[in-house]
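Secondary and tertiary structure notes
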Amino acid sequence: MHHFYYRNGELYAESVPVNEIAKAVGTPCYIYSHATLTRHFNIFNDAFSNIPHLICYSVKANSNLAILRLMARMGAGMDIVSGGELFCALKAGVSPDKIVFSGVGKTKEEIEYALKTGILMFNVESEQELEIIHSCAKALKKSAPIAIRVNPDIDPRTHPYISTGLKRDKFGIDINKAEVLYKRAASMPYLHVIGIDCHIGSQLTLLAPFLEAIKQIKDLYNALKKMGIRLNYIDIGGGLGIPYHEESPPHPYEYANAILELAKDMDCCLILEPGRVIVGNAGILLTKMLYFKKIEGKNFIIVDAGMNDLIRPSLYNAYHAIWPCSKRGRPSIVADIVGPICESGDFFARDREIETTYPGELLAIMSSGAYGFSMSSNYNSRPRPAEVLVKGERFWIIRDRESYENLISLNRIPQWLR
Ligand SMILES: *Cc1c(COP(=O)(O)O)cnc(C)c1O
C-alpha cells in the first residue's frame, strides 16, 4: 500500500499532482510519500510489539537525511555499513545506542569512529575483524559490544547478487564454526559479547528461509548459553521483500508472527534491520520522455532518467512498474523504456506494454524508494536528481538537484597542466 494513485487520470503523490512537482523541481526527480513511510514503519514496528525489539532501519536503502530524521523521530535505530552512514545517522539525530554496525570490510578508522561514538554493537564478519576491533578498543580503553554475524548457508531464493547467507557469499562466519569464535571473543578483555547477527539476503518473498535461519540461530544461542555465554540481542537482519510486479511477499504481520513463535523463548531483545520494506514503495522516480525511436520494428521510449539515477533494472534485471503521469486512454504499445546513457544496459523496462506516450510527457518509475537514489552515480557526468518529500498537500525538496559545478568541485588540475 502506498499513496501514489490516479485522480481523474492524473497521478498524485498524496494530495499533490506529480506534474506540479515536475514543474517546480524539474525531471528526473525522486518523490517520496511521508504517509507511506510512516505507515510502513509503524506497521512493521507494531507487528513486533509483543516482545522487546528494536527496529534498526537499514540506512543504505535510502540515506537521505530528511528520511533518516523521520525514521529517528518515529523511534528507529539504524543499521549502518560505513563511517559515512554513521555520520549521517548521527546528523539525523539517531541515538548512538540504537546503532548497529554491519559490513564485511570495516576499516580501522571506521571502527574507532564507532567506538568513540558508543554504538549499540558491531556485527562482526570475520576473525580478523574481531582482532582489529579488540585492538582498537584496547587502545581507546573501551569495551566493544559485539555480535557475530553467522552465515547459516540458506538459499534465500532471491537474485544471486542480493543473496548473502549462502556459503559461497562473502558474508558472515560459517555458523558451524561460530562456537569456537564466540569462545575466543568471550575471552578477549576489551570485547563485550552481546549478540548473534544474521542477514541472509534482500527482497525475500518467502518466510521459510527466514525461519530456517532463526532455527539455526536458536540452536547456537542455546549452545552458547550452555557454555556460559549469555546474549542479550538477536539480530535477524532485514530482507523482507516488497511487491514490485507479481511477487506476493508475506505481510509484516505474518513475518513477525512466524518469527515471534520461534523467538519468544529466547530471553533477548530482537533487532530487525528492514530497509526495502519501509522505503521501497514509498518512492517513485519521475522522468520525462525525450524521444521515440523505432529500430528494426522495435520501439524505444527514451527518457531523461538513466541507469545512473536508478541502476536496479541494469544491475539485477529488476522489474519496476512504469506509469504514465496522465492517463489519456490512448492505445498501448510495446516498447523498451531506456535512458540517455551510452550503455546498452541503460534500460528501465524491456518489451513493456505502455499507453502511447509523446515527447514532453511524464512517466513514473514506481517502487523506486529503496536502492534508487542511494545507488545513484554521476556516470556520464550527469548531475544527480533532486529528491522531494510529499506530505499531504505540500512538498519539500529534501535534496537539491546537483549542478554542473558540483560535478567538478573535487577535481584538481596539477600545476604542470595549468
Ligand atoms: C542491506 C542490508 C539490510 C537491509 O536489507 P533490505 O532487504 O533492504 O531489508 C539489512 N541488514 C544488512 C546487514 C544489510 O546488508
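Note that the coordinates shown come from a computational prediction; the quantities given were computed from them, not determined experimentally. Along each chain, the written sequence defines residue order, and numbers are assigned to residues from 1. Two thresholds apply to this predicted model, a pLDDT of at least 70 for residue-level local features and 80 or more for giving and counting side-chain atom pairs, whereas whole-chain, interface and lining totals are computed over all residues. For side-chain calculations, the full set of non-hydrogen atoms in the structure is used, while hydrogens and water are omitted.

**Notes on the packing of helix α7 (residues 178–186) against helix α8 (residues 208–226)**
A packed helix pair is summarised by two numbers, namely the angle formed by the two axes and the spacing between the axes. As a rule, the C-alpha atoms of each element are fitted with a line to give its axis, helices using only the stretch in contact, and angles between N-to-C directions run from 0 to 180 degrees. Secondary structure elements follow DSSP: runs of H or I of four or more residues count as helices, runs of E of two or more count as strands, with numbering from the N terminus. At a closest axis distance of 11 Å, the pairing of α7 and α8 adopts a crossing angle of 45°. With respect to α8, the element α7 is oriented oblique. Handedness of the crossing formed by α7 with α8: right-handed. Contacts between α7 and α8 pair A178, E179 and Y182 from the former with L220, A223 and L224 from the latter. Gly counts as polar in this scheme, as do all residues outside two lists: the nonpolar Ala, Val, Leu, Ile, Met, Phe, Trp, Tyr, Cys and Pro, and the charged Asp, Glu, Lys and Arg. Counted by class, the contact of α7 with α8 contains 5 nonpolar, no polar and 1 charged residues. The cut-offs work like this: below 35 degrees is roughly parallel, past 145 is roughly antiparallel, 65 to 115 is roughly perpendicular, and the gaps in between are oblique. In a left-handed crossing the near helix is turned counterclockwise from the far helix by less than a right angle, and in a right-handed crossing that turn is clockwise. Pairs of residues are marked as contacts when any of their non-hydrogen atoms sit within 4.5 Å.

**Regarding the pattern of salt bridges**
Salt-bridge detection follows one rule: a side-chain nitrogen of Lys or Arg within 4 Å of a carboxyl oxygen of Asp or Glu. Under the criterion given, the structure shown has 16 salt bridges. Where R230 meets D267, a salt bridge forms, and the shortest distance between an N and an O atom there is 3.9 Å. In this pair, R230 sits in the loop between α8 and β12 (233–235) while D267 sits in the loop between α9 (252–263) and β13 (269–272), placing the two residues 37 residues apart along the sequence. Think of it in three bands: with a 1.4 Å probe and only protein chains considered, a residue is buried below 20% of the maximum accessible area for its type, exposed above 50%, and partly exposed in between. Classification of R230 by relative accessible area gives partly exposed; the value is 41%. Residues K298 and D351 are paired through a salt bridge, measuring 3.0 Å at the closest nitrogen-oxygen approach. Of this pair, K298 sits in strand β15 (residues 298–303) while D351 sits in strand β18 (residues 347–355); the two residues are 53 residues apart in sequence, bridging distant segments of the chain.

**Quick word on the site of the ligand**
We call a residue near a given molecule or strand whenever any one of its heavy atoms falls within 4 Å of it. By nearness alone, 15 residues border the ligand, and K60, S202, E273, R276 and Y371 come closest of all. For the purposes of these results, a polar contact is taken to be a pair of N or O atoms within 3.5 Å, where, inside protein, one atom must be able to donate a hydrogen and its partner to accept one; residues adjacent in sequence count only when each atom of the pair is a side-chain atom. Interatomic distance of 2.7 Å between a side-chain N/O atom of K60 and an oxygen atom of the ligand. A distance of 3.1 Å separates a nitrogen atom of the ligand from a polar side-chain atom of D79. For the ligand, whose free accessible area comes to 390 Å², the fraction covered by protein is 94%. One can see that the ligand is located within the largest pocket. Accessibility throughout is a Shrake-Rupley quantity obtained with a 1.4 Å probe, and a residue counts as covered only by protein chains that appear here. Points on a 1 Å grid, built from protein atoms alone, make a cavity when a 1.4 Å probe fits but cannot get out and make a pocket when they are open with protein on both sides within 12 Å along at least 5 of 7 lines; residues with an atom within 4 Å of a point are the lining residues. Criterion for pocket placement: a molecule counts as inside a cavity or pocket if more than half of its atoms are within 2 Å of its grid points.

**What to know about helix α3 (residues 65–73)**
Since the α-helix advances by 3.6 residues per turn, residues separated by three or four positions end up pointing in the same direction. Burial in α3 covers these residues: I67, L68, L70, M71 and A72. Capping of α3 at its N-terminal end is provided by N64; its side-chain oxygen lies 2.8 Å from the backbone amide nitrogen of A66. G75 lies just past α3 and shows a positive phi near 100°.

**Considerations on empty space enclosed by the protein**
Grid points are joined across faces, edges and corners, and a volume is the space filled by probe spheres set on the points. Enumeration over the complete set of coordinates arrives at 2 cavities of 30 Å³ or more. Here the largest cavity is characterised by a volume of approximately 60 Å³. Lining the largest cavity, in full, are C198, I200, F210, A213, I214, I217 and I236. When its residues are assigned to classes, the lining of the largest cavity shows 7 nonpolar, no polar and no charged.

**So, the domain arrangement of the chain**
It is common to report an interface's size as the accessible area lost on association of the parts. Marked domain ranges trace back to an automatic or database domain assignment. Considered domain by domain, the chain is made up of domain 1 (4–32 + 280–408) and domain 2 (34–279). Inter-centroid distance (C-alpha atoms) of domain 1 to domain 2 is 32 Å. Counting residues at the interface gives 24 residues for domain 1, matched by 24 residues for domain 2. Buried area, as used here, totals the accessible surface that two parts lose on assembly, with accessibility defined by a 1.4 Å probe and the loss added over both. Both faces combined, the contact of domain 1 with domain 2 buries some 2,000 Å², and carbon together with sulfur accounts for 58% of it. When residues of domain 1 are sorted by the area they lose upon contact with domain 2, Y316, Y319 and Y371 head the list and together hold 29% of the total. Counting across the interface, domain 1 meets domain 2 through 14 residue pairs in polar contact (both at pLDDT 80 or more).

**Describing unusual backbone geometry**
Residues T27 and P28 are joined by a peptide bond in cis, for which omega reads -10°. As for its placement among the helices and strands, P28 is situated in the loop between α1 (18–25) and β4 (29–33). The phi dihedral of N317 is positive, around 60°, even though this residue is not glycine. Relative to the helices and strands, N317 is located in the loop between α11 (312–316) and β16 (322–324). Judged by its relative accessible area of 60%, N317 is exposed.

**Details of the layout of surface pockets**
By volume, the largest pocket amounts to about 740 Å³. Grouping the amino acids of the lining of the largest pocket by side-chain chemistry returns 12 nonpolar, 16 polar and 13 charged. Of the residues that make up the lining of the largest pocket, three or more belong to each of domain 1 (4–32 + 280–408) and domain 2 (34–279). As a volume, the second largest pocket reaches approximately 280 Å³. Lining of the second largest pocket is provided by 14 residues; of these, M1, H40, P243, H251 and P252 occupy positions nearest its centre. Sorting elements by how many residues they give to the lining of the second largest pocket places helix α2 (residues 34–47) first, with 3 residues. Partitioned by chemical class, the residues of the lining of the second largest pocket number 9 nonpolar, 4 polar and 1 charged.

**Section: the packing of aromatic side chains**
Only the six-membered ring of Trp is used, alongside the rings of Phe and Tyr, when aromatic pairs are assigned; centres must lie within 6.5 Å, and planes under 30 degrees apart are stacked while those over 60 apart are edge-to-face, with the rest tilted. Across all of its chains, the model carries 9 aromatic pairs by this definition. Seen in terms of ring centroids, F44 and Y255 are 5.8 Å apart; in terms of plane orientation they differ by 40°. Their pairing is tilted. Here the residue F44 occupies a position in helix α2, and Y255 occupies one in helix α9, the gap between them amounting to 211 residues. In this structure F44 comes out as buried when scored by relative accessible area, which is 2%. We call a charge positioned over a ring when the NZ of a Lys or the CZ of an Arg lies within 6 Å of the ring centre and within 35 degrees of the ring normal. Positioned over the ring face of F101 is K106, at 5.5 Å from the centre of the ring. Just above the ring of F347 sits the side chain of R350; from NZ or CZ to the centre is 3.9 Å.

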